[in-house]
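Structure assessment
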Amino acid sequence: RDVNTVCALCVSTLPQFTEEKLGQAEKTELDAHFENLMSRADCTKNWTEKIYRQTEVLLQPNPSARIEEFLYEKLDRKAPSRITNAELLGQYMQDAAKEFGPGTPYGSTLIEVGECERRLGAAEREFLQTSAISFLTPLRNFLEGDWRTISKERRLLENLRLDLDACKTRLKKAKVAEAKAAMAPDFQETRPRNYVLSASASAAEHELRVAQTEFDRQAEVTRLLLEGISSTHVNHLRCLHEFVEAQAAYYKRCHFHMQELQKELGRLPNAFALNSNPSVATAGSASEGISSPVETDTLKIEEVQAPATGTRKAKVLYDYDAADSSELSLLADELITVYTVPGMDSDWLIGERGNQKGKVPVTYLELLS
């Protein structure tokens, strides 16, 4: 339907619209099922819009970046690839490691953590791309496509409804005028006028039939579009499942990368134990080449004695189950006493809790001053 037709309808139905607002004209009511369809469609549009906007914020919290992406999309140009915050952090960490020295404990740890952050950033970028395609795009297509079509047809239906009611009002007025003329006493003077009024009523009836036909046709078109909202819900449900799958895959990859990072950090030289007892480290250096009385592989926990100095308190970060009788099981948030002995792997300390004693992994502890 062209714009001129719609504009003509708007102009012709303006008096009817004004009279309805003033309560001076009757209004054709739509059936309850049709009203429910329109209410459901409005509800779908409102919540889809809110979900779409908030998902945009979730995927891209930076409003300036969202505006930039919107402009590129409207200009039909590809947005430049943007590095994620995690990737940028990883890059900074690895650059810092080069300055501090990759051979130092801090430098080597920065390299490993930086690489992990870059992997996390790559996983995040893939998640953002997948979510945009599988979830955001279908929601936007509904709001910018299907919903605009529905809104246009609903506006046209409302204009045709106003036109229909205006025709009903004109016919009613013509019938009243015709009835009054029929009751006039002077037949010679009123007869020509009766013919005119009768013709006017006939024309009004014809206009009403045409308006009713157009209204019924448009109502059916609009009804079909509104009933299609059920298909929209099914499509959005499928997209929601894909969004959840993308989120699950993303967090699973992040968890995997962090677990691998923890394992890798456990293999790196650790400065905690060395700094906790400098005297022991010095003694170890001075006795290089002499077999230690306590070797790691043959460590007998019951024979280990706490040194007079060099013990520290440590807070347990995570639960830990002992692998054998030489290790000490740990519970998160408890405090234990730790120390090192000559010949021990730097990734391990001796931990004491009451009369219990055993090896504990350094990565599970927060050493307290």
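Scroll up to find the structure.
So, how was this worked out
- Residues numbered from 1 in each chain as written.
- Predicted model: local features only at pLDDT ≥ 70, side-chain atom pairs only at ≥ 80, totals over all residues.
- Heavy atoms only, no water.
- Helix = DSSP H or I, 4+ residues; strand = E, 2+ residues; numbered from the N terminus.
- Buried < 20%, exposed > 50% of the residue type's maximum accessible area, 1.4 Å probe, protein only.
- Contact = heavy atoms within 4.5 Å.
- Areas by Shrake-Rupley, 256 points an atom, 1.4 Å probe, with all protein chains shown as cover.
- Salt bridge = Lys/Arg side-chain N within 4 Å of Asp/Glu carboxyl O.
- Polar contact = N/O pair within 3.5 Å; in protein donor to acceptor, adjacent residues only side chain to side chain.
- Phe/Tyr/Trp six-rings, centres within 6.5 Å; stacked < 30°, edge-to-face > 60°.
- Lys NZ or Arg CZ within 6 Å of the ring centre and 35° of its normal.
- Pairing = 2+ DSSP bridges.
- Core = buried A, V, L, I, M, F, W, Y, C linked by side-chain atoms within 4.5 Å.
- 1 Å grid on protein atoms, 1.4 Å probe; cavity = no way out; pocket = protein on both sides within 12 Å on 5 of 7 lines; lining within 4 Å.
- Points joined across faces, edges and corners; volume = space filled by probe spheres on them.
- Nonpolar A, V, L, I, M, F, W, Y, C, P; charged D, E, K, R; others polar.

In terms of helices and strands, the protein chain carries nine helices and five strands. Each helix and strand of the protein chain, placed in order from N terminus to C terminus, yields the pattern α-α-α-α-α-α-α-α-α-β-β-β-β-β. By residue count, 33% of the 369 residues in the protein chain fall in the buried class. Nonlocal contacts in the protein chain, meaning residues at least 24 apart in sequence, comprise 71% of its contacts between residues at least 6 apart. Total accessible area on the protein chain stands at roughly 23300 Å², and carbon and sulfur atoms take up 56% of it.

For the rest of this paragraph, the subject is the environment of His 241. Locating His 241 in the fold gives a position in helix α7 (residues 229–267). Along the primary structure His 241 and Ser 134 are separated by 107 residues, whereas in three dimensions their C-alpha atoms are 9.4 Å apart.

Under the counting rule described, the total for this entry stands at 14 salt bridges. For Glu 87, the salt bridge identified is with Arg 125, shortest N-O distance 2.5 Å. Of this pair, Glu 87 sits in helix α4 (residues 85–100) while Arg 125 sits in helix α5 (residues 105–182), and the two are 38 residues apart along the sequence. You can call Glu 87 buried: its relative accessible area is 11%. Owing to a relative accessible area of 24%, Arg 125 belongs among the partly exposed residues under this scheme. Between Glu 126 and Arg 253 there is a salt bridge; the shortest N-O distance is 2.7 Å. Residue Glu 126 is located in helix α5, and its partner Arg 253 is located in helix α7; the two are separated by 127 residues in the primary sequence. By relative accessible area, Arg 253 is classed as partly exposed at 32%.

What follows is about the side chain of Glu 153. Looking at where Glu 153 falls in the secondary structure, it is placed in helix α5. Within the local environment of Glu 153, its side chain forms a polar contact with the side chain of Gln 218, the two groups lying 2.6 Å apart.

With that settled, the discussion passes to the environment of Asn 36. On the secondary structure map, Asn 36 appears in helix α2 (residues 32–59). Sequence spacing of Asn 36 and Leu 226 is 190 residues, and the spatial spacing of their C-alpha atoms is 9.7 Å.

Okay, the packing of aromatic side chains next. Per the stated rule, a full pass over the model turns up nine aromatic pairs. Taking 4.7 Å as the distance between ring centres and 15° as the angle between the ring planes, the aromatic pair formed by Phe 135 and Phe 243 counts as stacked. Note that Phe 135 is positioned in helix α5 and Phe 243 in helix α7, a separation of 108 residues in sequence. We classify Phe 135 as buried; its relative accessible area is 5%. Looking at Phe 243, the relative accessible area reads 8%, which means it is buried. Ring geometry for Tyr 320 and Trp 348: centres 6.5 Å apart, planes at 70°, overall edge-to-face. Here the residue Tyr 320 occupies a position in the loop between β1 (312–316) and β2 (335–339), and Trp 348 occupies one in strand β3 (residues 348–353), the gap between them amounting to 28 residues. Here a set of aromatic residues connected by ring pairs shows up, and it is made of Phe 127, Phe 135, Phe 243, Tyr 250 and Tyr 251. Taking the ring centre of Trp 47 as reference, the NZ or CZ of Lys 50 above it sits at 4.5 Å. The ring of Trp 348 carries the charged tip of Lys 359 above its face, separated from the ring centre by 5.3 Å.

Across six bridges, β3 lies against strand β4 (residues 356–361) in antiparallel orientation. Among the inter-strand pairings, Arg 353 is bridged to a residue of β4, identified as Gln 356. Here β3 folds back onto β4, and the loop between the two strands holds two residues, one of which, Gly 354, carries a positive phi near 65°.

Residues Phe 127 and Leu 226 are the most contacted members of the largest nonpolar core, which totals 40 residues. Elements with a minimum of two residues in this core: α2, α4, α5, α6 (187–227) and α7. The element that contributes the greatest number of residues to this core is α5, accounting for 19 residues. If near-sequence neighbours (up to four positions away) are discounted, Phe 127 is found in contact with Leu 59, Phe 243, Ala 246, Gln 247 and Tyr 250.

What follows deals with the layout of surface pockets. Approximately 1500 Å³ is the volume found for the largest pocket. If you go around the largest pocket, you meet 43 residues; those closest to its centre are Gln 60, Glu 69, Arg 82, Leu 128 and Ala 132. Ranked by residues supplied to the lining of the largest pocket, first place goes to α5 with 13 residues. Split by residue class, the lining of the largest pocket holds 20 nonpolar, eight polar and 15 charged.

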